[in-house]
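Each chain is listed here by its residues.
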Amino acid sequence: MLGILNKVFDFNKRALNRYEKMADQIDALSGQMNGLSDEQLKAKTEEFKGRVANGESLDHLLIEAFAVVREAAKRVLGLYPYKVQLMGGISLHEGNISEMKTGEGKTLTSTMPVYLNALSGEGVHVVTVNEYLASRDAHEMGQLYEFLGLTVGLNLNSLDKDEKREAYAADITYSTNNELGFDYLRDNMVLYREQMVQRPLNFAVIDEVDSILVDEARTPLIISGQAAKSTKLYIQANGFVRQLKQEDDFTYDVKTKAVQLTEDGMTKAEKAFGIENLFDISHVALLHHINQALKAQFVMQNDVDYVVDEGQVVIVDSFTGRLMKGRRYSDGLHQAIEAKEGLEIQNESMTLATITFQNYFRMYKKLSGMTGTAKTEEEEFRNIYNMQVVAIPTNKPIARDDRADLVYRSMEGKFRAVVEEVKQRYDLGQPVLVGTVAVETSELISQLLKKKGVPHHVLNAKNHEKEAEIIENAGQRGSVTIATNMAGRGTDIKLGEGVREAGGLAVIGTERHESRRIDNQLRGRSGRQGDPGITQFYLSMEDELMRRFGSENMMNMMDRLGMDDTQPIQSKIVSRAVESAQKRVEGNNFDARKQLLQYDDVLRQQREVIYKQRFEVLDSDNLREIVEKMLKSTIERAVGMYTPKEEVEEDWNLEGIIDYMNANILTEDELAVSDLRRKDPEEMSEMIYKKALAHYDAKEADFGEEQMREFEKVILLRAVDTKWMDHIDAMDQLRQGIHLRAYGQNDPLREYQMEGFAMFENMIASIEEDVAKYIMKAQIRNNLERQEVAKGQTAVHAKEGDEPVKKKPTRKVVEIGRNDACICGSGKKYKNCCGQ
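Residues numbered from 1 in each chain as written. Predicted model: local features only at pLDDT ≥ 70, side-chain atom pairs only at ≥ 80, totals over all residues. Heavy atoms only, no water.

### Quick look at the overall build of the chain
Counting its regular elements, the chain contains 29 helices and 23 strands. By sequence separation, contacts in the chain at least 24 residues apart represent 75% of the contacts at least 6 residues apart. When the accessible surface of the chain is summed, it comes to about 38,500 Å², and 48% of that surface belongs to carbon and sulfur atoms. (Helix = DSSP H or I, 4+ residues; strand = E, 2+ residues; numbered from the N terminus. Contact = heavy atoms within 4.5 Å. Areas by Shrake-Rupley, 256 points an atom, 1.4 Å probe, with all protein chains shown as cover.)

Encoded structure:
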């Protein structure tokens, strides 16, 4: 253990020694840079870009580039980066986390690596926790970059796609983490490549990196919406299939559980639903519903495949016979069974796309970050993001007085003491920042201070702009500010006139947070740039964290000593005990995030495959080769289903092959049993494939090459988007119930990986089958349009473990009476017009 610690600390020491030497080299160029005119300094950017284009590495340019930015910052912003800021900038360029104390100038530090990496022309993202900080930094630091000839973009939620594309096309883009993630998801749902806004993810500098990559790591970004599927259609499809007769209208193979409409069945469907062609692209949803209703009605059996329990369809595990509560069949089959059983049809899950910050930020070529508090989470940054934490020394020694915790017997006694302390310091003119863990605590202290007649501000991290303004003024003489521990991150507290003499900013913590990092963040608000200050935490035996590590013994001891609520214990032993409790909680939280990532990686790998293939579809001018492969796979799979290897040739179901091909690939009577006899499965597949290609060629000749190419894109995009949406839901359902496998002595993660892989394989097969079927059977219309499978809306959901509830937009249904005037405006009654 000691060896590992030495290694870690040695890394920090070695890195700082190297950075210091490089900072000295940058400093040595200051005279040379100072001698350049504004025009000469600006011209350096084009010179650097030319050198990068000719193969020179960014590492090689670092010393000169940093010296240029340093000189430009002095001229444009009136700020001149200190040596420690140069060191922090080098650390960021190398893809590390620079831990720099509050007030050490992280924003200015980031300008140097941002400028250097922007020279490659591949884009740099500067990530902040809210839009106020993104706008502020883009405006302030943007002056510096624009002086040096680089473009700056600001990506806000309110921008339209063209404005976003322009923001991302800039050399440097400022954005929030939420907006970056949602733009990535939306880009992978577009119908035309030109609609995408992001470029490939190159380099990101994350401000308050611990907040985004640790605190919000488990927060999934979800795009949910209303799919073009209605409850009514399930009921209509169910009513229709109940009238069909086996063999005449559909075929059912018991062995393979495959059920198909015959030509007669298709004609009946067209008549029943009043349409000309069931395979017209506009009737894709209807055909899907009919197929699922057929499956529900004739394949899925009550008390065998599922049971109805308390008005719910519950799946029965075919291997164990156990009920699988919480699991649902995907692709609309569950809803079709609900319609068959006359139950209330549940809304379909509407998650169109989802990703966690852990997985989004790991896609960047290079990632770096800044914060005042990262060392406590060093292991997590190293293991999950492959980022080292480098603690950068402060420019001036820290003069802040961090006092040992004061522990009171009860919460009441603690709060009384806090208010008394605040009142005393307020009377002396010393500014006070009171940090709380919960909003309720802020409100309670606010009420107590009002009774004492102490004017103050309360911050609850909701209004970022006002919040930053209040925090900025929190260092003025006589100012009292109550804030939740996370409020005001990214904003500096500068001391007002006469405050240094009054002892600097006093930070009072009313409770220990379960993470030491958040406590350190609060402490760091005081004592910036060598300023004086004091920090003190007030605890009580009734605090949640104190109860966790067993405060009963200490309470008994206080009782024995006859200590009342006005006498606190101030002891380093207690402080150390609290810290060890925090370490345990942090360890548990890290384990939870790590385990979550292992589960999330299964979906990540699948997402990358789907998004890569989807991009190829958008980017390609000719998809015929891809479609042909899918057609071939579908034919081979279907032939294999009816000619199992374990059966002798005489038992093969050749009629089943004909029924399948007639329904999905070829025209009626094109294939006969005699064509298939005395052929092995490979020969059958090859013969059917050749016939299918002849149809393909004929269709292309009829409709023209250009229209056929667009038709292929329409079909492929629709199939991929629909199936992927259903797959996300199915994986979510699997995830929720998988922990129960542990009772059967099975590793839930391994089971999830195996089942998830099988489900993904099935989804790919389903996509191929849909594409093959619609390419061969659907009619092409002149006004072909790519269509979104569903309209999406974004949502940042609760952390995993809080079971995020997916928001679904409500749909307004207008009820029309049969004798009301028709909604089409014909003047006739509804029953005699559209209601017929």
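### Focus on the environment of Met754
Relative to the helices and strands, Met754 resides in helix α29 (residues 748–777). Along the primary structure Met754 and Val602 are separated by 152 residues, whereas in three dimensions their C-alpha atoms are 9.5 Å apart.

### Observations regarding the UniProt feature "binding site: ATP" (unreviewed entry) in the chain
UniProt annotation of "binding site: ATP" (unreviewed entry) refers to Gln85, Gly103, Glu104, Gly105, Lys106, Thr107 and Asp492 when read in the numbering used here. Tracing the backbone through its elements, the reader meets Glu104 in the loop between β1 (97–99) and α6 (106–118). A residue is classified by how much of its surface remains accessible, and Glu104, at 4% relative accessible area, is buried. Glu104 has contacts with Val84, Gln85, Pro393, Thr394, Asn395 and Gln529, leaving out every residue within four places of it along the chain. Within the element layout of this structure, Thr107 appears in helix α6. Those residues in contact with Thr107 that lie beyond four places of it in its chain are Arg136, Asp137 and Met141. (UniProt positions renumbered as here; feature names shortened; annotations may be inferred. Buried < 20%, exposed > 50% of the residue type's maximum accessible area, 1.4 Å probe, protein only.)

### Here we look at the packing of helix α11 (residues 231–241) against helix α12 (residues 263–273)
Close contact between α11 and α12 brings their axes to 11 Å; oriented N to C, the two are set at 130°. Classified by the angle between their axes, α11 and α12 sit oblique to one another. Where α11 crosses over α12, the two elements pack in a sense that is right-handed. Of the residues in α12, those in contact with Gln236, Ala237 and Phe240 of α11 are Gly265, Lys268, Ala269, Ala272 and Phe273. Tallied by class, residues from the contact of α11 with α12 come to five nonpolar, two polar and one charged. (Axes fitted to C-alpha atoms, helices over the stretch in contact; angles between N-to-C directions. Parallel < 35°, antiparallel > 145°, perpendicular 65-115°, else oblique. Left-handed = near helix turned anticlockwise from the far one by under 90°. Nonpolar A, V, L, I, M, F, W, Y, C, P; charged D, E, K, R; others polar.)

### Examining the pattern of salt bridges
Throughout the structure, instances matching the rule amount to 54 salt bridges. For Lys164, the salt bridge is made with Glu179, and the minimal N-O distance between the two is 2.8 Å. Separated by 15 residues along the polypeptide, Lys164 in helix α8 (residues 161–169) and Glu179 in helix α9 (residues 177–187) bring together distant segments of the chain. As far as the burial class goes, Lys164 and Glu179 line up, both buried. In this structure, the salt-bridge partner of Arg517 is Asp210, at a minimum N-O distance of 2.8 Å. Pair noted here: Arg517 is in helix α20 (residues 516–523) and Asp210 is in helix α10 (residues 209–215), with a separation of 307 residues, a long-range link. Here the residues in one salt-bridge network are Arg624, Glu628, Asp697, Glu700, Glu705, Arg709 and Glu712, joined through shared partners. (Salt bridge = Lys/Arg side-chain N within 4 Å of Asp/Glu carboxyl O.)

### Quick look at the sheet that holds strand β4 (residues 172–176)
Strand order in the open sheet made by the seven strands is β3-β4-β2-β5-β13-β1-β14, with parallel pairing throughout. Unpaired on one side and paired on the other, β3 (152–155) and β14 (389–391) mark the two borders of the sheet. When strand polarity is set aside, the average angle formed by the axes of neighbouring strands in this sheet is 20°. Strand direction decides the pairing type here: β1 and strand β13 (residues 366–371), joined by three bridges, are parallel. Bridge pairing in β13 links Ser98 to Met370. Its contacts with the sheet put α6 on β2 (124–128), β4, β5 (203–207) and β13, and the angle it makes with β5 is roughly 175°. Helix-sheet contacts for α9 involve β2, β3 and β4, and the interaxial angle to β4 is about 100°. (Pairing = 2+ DSSP bridges.)

### Observations regarding the confidence of the model for the chain
Scored by pLDDT, the chain has a mean of 83; 85% of the residues are at 70 or more. Low confidence marks residues 797–818, where pLDDT is under 50. Its contacts with residues over four positions away, or in another chain, come to 39 contacts. (pLDDT = per-residue confidence, 0-100.)

### So, α11
For α11, the complete set of buried residues consists of Leu233, Tyr234, Ala237, Asn238, Phe240 and Val241. Along the axis of α11, the buried positions cluster into a sector of 160°, meaning they face one direction only. Set apart from the buried face of α11 by more than 90 degrees, the exposed residues are Lys232 and Ile235. (Arc of directions from axis to C-beta.)

### Some remarks on the packing of aromatic side chains
Any pair of aromatic rings gets described here by the distance separating the centres and the angle formed by the planes. Scanning the model with the defined rule gives 13 aromatic pairs in all. An angle of 70° between the planes, with centres 5.6 Å apart, marks the rings of Phe240 and Phe273 as edge-to-face. Residue Phe240 is located in helix α11, and its partner Phe273 is located in helix α12; the two are separated by 33 residues in the primary sequence. Judged by relative accessible area, Phe240 falls into the buried class, the value being 5%. Through a chain of ring-to-ring contacts, the aromatic side chains of Tyr184, Phe357, Tyr360, Phe361, Tyr364, Tyr611 and Trp724 assemble into a single cluster. The cationic tip of Arg512 hangs over the ring face of Phe537; the distance from NZ or CZ to the ring centre is 4.8 Å. We note Lys632 situated over the ring of Tyr689; from NZ or CZ to the ring centre the distance is 5.6 Å. (Phe/Tyr/Trp six-rings, centres within 6.5 Å; stacked < 30°, edge-to-face > 60°. Lys NZ or Arg CZ within 6 Å of the ring centre and 35° of its normal.)

### Concerning the environment of Asp619
As for its placement among the helices and strands, Asp619 is situated in helix α23 (residues 572–619). Distance from Asp619 to Tyr192, taken between C-alpha atoms, is 8.5 Å for residues 427 residues apart in sequence. Within polar-contact distance, the side chain of Asp619 engages the side chain of Arg193 at 2.4 Å. (Polar contact = N/O pair within 3.5 Å; in protein donor to acceptor, adjacent residues only side chain to side chain.)

### Thoughts on unusual backbone geometry
Positive phi values are uncommon outside glycine, yet Glu310 reaches one of about 50°. Relative to the assigned elements, Glu310 resides in the loop between β9 (306–309) and β10 (312–316). What makes Glu310 exposed here is its relative accessible area of 74%. A positive phi is found at Asn386, a non-glycine position, where the angle reads about 60°. With respect to the helices and strands, Asn386 occurs in the loop between α16 (378–385) and β14.

### Things to note about the nonpolar core
If you look at soluble globular proteins, the nonpolar side chains tend to sit buried side by side. Counting 132 residues, the largest nonpolar core has Leu213, Phe361, Met661 and Ile688 as its most contacted members. Counting residues per element, this core draws most heavily on helix α28 (residues 705–737), at 13 residues. Membership of the second largest hydrophobic core comes to 52 residues, among which are Leu62, Val84, Leu86 and Leu150. (Core = buried A, V, L, I, M, F, W, Y, C linked by side-chain atoms within 4.5 Å.)

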